[in-house]
Amino acid sequence: MSTPGSFADTVKQQADIVRIVGDYVKLKKSGAQNFTGLCPFHNEKTPSFSVHATRQFYHCFGCGVSGDVFSFVQKVENITFPEAVRAVAQKMGIPVPRQEFSGPGEAQEAKLRTALLDLHQRACAFFEAQLRIPEAAVAREYLAGRGLTQETIATFRIGYAPDSGFPLRDHLKGSFDEELLKASGLFSWKEANDQRPTANGQRPATNGQRPTALYSKFRNRILFPIANEAGKVIAFTGRALSTGDKAGPKYLNSPETAIYSKSRVLYNLDRAREAIRKLDYAILVEGQMDCIAVFAAGFHNVIASSGTAFTEAQVRLLARFSKKIVVNFDPDAAGAAAADRSLALLVGEDFEIKVLTLDAGLDPDLFLRKRGREAYADALKGSQKYFDYLIDRARASFPARTPEGKVKAVNFLLPHIHRVPSRIARDELAKEVAQRLGIESALLMQDLRHAASTRSSTVQPPAEPPVTDAERILIRALAAGGQLDVEPGGNPASEPDEQLDFQRQARYALTTERLHLGLSAESLLEALLAGEEDSADPMALPLSDSDRRLLASTLLRDDPALTAELLEEALEALRRRHLERQRAQLRNQIAEAERKNDAQALARLIQEKVKLDRALALS
Ligand SMILES: [Zn+2]
């Protein structure tokens, strides 16, 4: 595109393509003149994007894009060739002559964008100055109340929009024409004459063009400028200072304009980009105030999503700086759906995600003000891998003691696992999930791994293991109160006193040793324990349908009458079963400690297991 001797040619001669591209792509030296990195134009995990330092070109072996420094900037910034030439010249510190454009349309578009950037810069300075006028006292108080220093206010160029809609217009109208003011998105207006087309498509006759009354959309608000990656102000968010019907929404954003597309911008990326690249991770918070607080506390790699779900464009934008992210908002709290979509997108794009949950549900801003930056740094260090976080959540929602709970937990986790692009990574996750949920059933384990790797929807609950004789004996013992256990012949099997003793004995053993946990009959036994001792009619207890069926079938069986020996044998069988389950759990805990390299926990767990092995050998 650059003809010899032209300005573009001069810029190209002097431009350092590695430095320019390196502003957008993390490059690694891979040869004498060759640098490689992840292609910003397609999604990839291994670098196939190369830049040649002396030949001054780039080429992607993945998607085939290639070109020179200008075409790179054009594509990545989505701008025209002349704009790219100017951008590169500016980056290299080369003075720029008057603009050159290849066509009138392009020239006009570029002119509009340049003028809008200029207008926003002027508006931003205006709002900043307004923050110092007497009327802005409430705004200053609000900012001081949020702990913002003068320095922070200056860094983020926070301003104030006065209550009247006209000062901004009056400030700008000398330098920009009305069309431009309208195109800026900063103003509303009422047409002097109603110029809406009539039903037949004709405009009503106008008595000459009277000027329209423009007024600022942002009134009596604190203004947070939104900048593009290069730090140029392209839009604003205004936070209302008054409440009530007239105040409008709490947060008001600029509409989409020729320079602002909400889905392509990440708040604070312009200030955070260097830190993100250097530290190789980004902190993602929800709101602008959180972002400002975290940045002001010295964590410069912070960006904000502004409460809406990430778009693919934003994820790609971020991926140019790092593919590691610490998400510092509660994915469960308000806006959970948006957070969940963002996380899904990040998982899908193969980001390494951690979740930072601050205690007592504090948001980052409040946490920093209450606990200070050291505490935040500690919390950051302790942030949890996203899948560990999910597994904990599954364990809390579906107590994984019972086979049924495990299946539910697995089915909660599967959709999240399915989003992971790599099949191998999915299989690894399935193994980890199985271990941490303490899945002992080989069948469920197999189902889980299969569902994870093939991305099939759910796993089925395993067939309920049959209720053992020992469990039935306990059920009968607990249900014995008041009702005589009757032998098949119709005679009372034993004295009522003795039967009450059986009940007390069973009750005592289960209450103190919790032997019934994890058994098929767990919920029924628990319900019987919760019922009155000596209850006349156990069938009248509040029971689930399946528990009632089990109780009925047990009581209806023609089993030999309950004896002290039978009960003792049953309790022994349950004790043994209980120890075996504990041993299986310990095995899982040992595997987890090994995974975490936790030598201390490992030593303690192995000791416990030795004890348990001994107890089992004796029983
Ligand atoms: Zn590519």
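Given the structure is predicted, the values throughout are model-derived calculations rather than measurements.

**So, the sheet that holds strand E9 (residues 221-227)**
- What the four strands build is an open sheet, ordered E6-E9-E10-E11; its pairing is antiparallel. On the outer flanks of this sheet lie strand E6 (159-161) and strand E11 (251-253), each paired with one strand and no other. Averaged over all adjacent pairs, the angle separating strand axes in this sheet is 35°, with direction ignored.
- Where E9 and strand E10 (residues 233-240) come together, seven bridges link them in antiparallel fashion. Of the residues in E10, the one forming a bridge with Arg 221 is Ala 240.
- Helix H5 (residues 104-130) contacts E6, E9 and E10 of the sheet and is inclined by roughly 35° relative to E10.

**Observations concerning the confidence of the model for the chain**
- Per-residue confidence for the chain gives a mean pLDDT of 83; residues scoring 70 or more make up 87%.
- Taking the mean pLDDT of every element in the chain, the minimum, 76, falls on helix H19 (residues 442-454) and the maximum, 97, on E6.
- Here residues 196-208 is modelled with pLDDT under 50, and outside its nearest four sequence neighbours on either side it reaches eight contacts, counting other chains as well.

**Observations concerning the coordination of the zinc ion**
- At the metal site, the zinc ion is ligated by Cys 39 (SG), His 42 (ND1), Cys 60 (SG) and Cys 63 (SG), and these contacts range over 2.1 to 2.3 Å.
- Coordination at the zinc ion is tetrahedral, judged from the four donor atoms that bind it and the angles of 101 to 119° they form at the metal.
- Taken in chain order, the donor set of the zinc ion reads C-x2-H-x17-C-x2-C. Here Cys 63 lies in the loop between strand E4 (57-60) and strand E5 (66-67) and Cys 39 lies in the loop between strand E2 (34-37) and strand E3 (49-52), a separation of 24 residues in the sequence.
- With relative accessibility at 6%, the residue Cys 39 sits in the buried group.
- Judged by relative accessible area, Cys 63 falls into the partly exposed class, the value being 34%.

**Details of the nonpolar core**
- Membership of the largest hydrophobic core comes to 60 residues, with the highest contact counts inside it found for Ile 158, Phe 236 and Tyr 376.
- Counting 45 residues, the second largest nonpolar core, distinct from the first, contains Ala 282, Val 315, Val 355 and Leu 413.

**Description of the packing of helix H17 (residues 403-418) against helix H18 (residues 423-436)**
- Where H17 meets H18, the closest approach of the two axes is 10 Å, and the angle between their N-to-C directions is 160°. Between H17 and H18, the angle falls in the class roughly antiparallel. Seen along the crossing, H17 lies across H18 with a hand that is right-handed. Two secondary-structure elements touch here, H17 through Leu 413, Ile 417 and His 418 and H18 through Arg 426, Leu 429 and Val 433.
- Residues belonging to the contact of H17 with H18 are distributed by class as follows: four nonpolar, one polar and one charged.

**Let's talk about the pairing of strand E8 (residues 213-216)**
- Along E8, the buried face is formed by Leu 214 and Ser 216; none of Ala 213 and Tyr 215, which line the opposite face, is buried.
- Examined bridge by bridge, strand E7 (residues 187-190) and E8 share four bridges and lie antiparallel to one another. By the bridge assignment for E8, Phe 187 is matched with Ser 216.

Parameters at a glance
Residues numbered from 1 in each chain as written. Predicted model: local features only at pLDDT ≥ 70, side-chain atom pairs only at ≥ 80, totals over all residues. Heavy atoms only, no water. Pairing = 2+ DSSP bridges. Helix = DSSP H or I, 4+ residues; strand = E, 2+ residues; numbered from the N terminus. Axes fitted to C-alpha atoms, helices over the stretch in contact; angles between N-to-C directions. Contact = heavy atoms within 4.5 Å. pLDDT = per-residue confidence, 0-100. Donors = N, O, S within 2.8 Å, 3.2 Å for Na, K, Ca; no water. Tetrahedral: all angles 85-135°; square planar, octahedral: opposite > 155°, others 65-115°. Buried < 20%, exposed > 50% of the residue type's maximum accessible area, 1.4 Å probe, protein only. Core = buried A, V, L, I, M, F, W, Y, C linked by side-chain atoms within 4.5 Å. Parallel < 35°, antiparallel > 145°, perpendicular 65-115°, else oblique. Left-handed = near helix turned anticlockwise from the far one by under 90°. Nonpolar A, V, L, I, M, F, W, Y, C, P; charged D, E, K, R; others polar.

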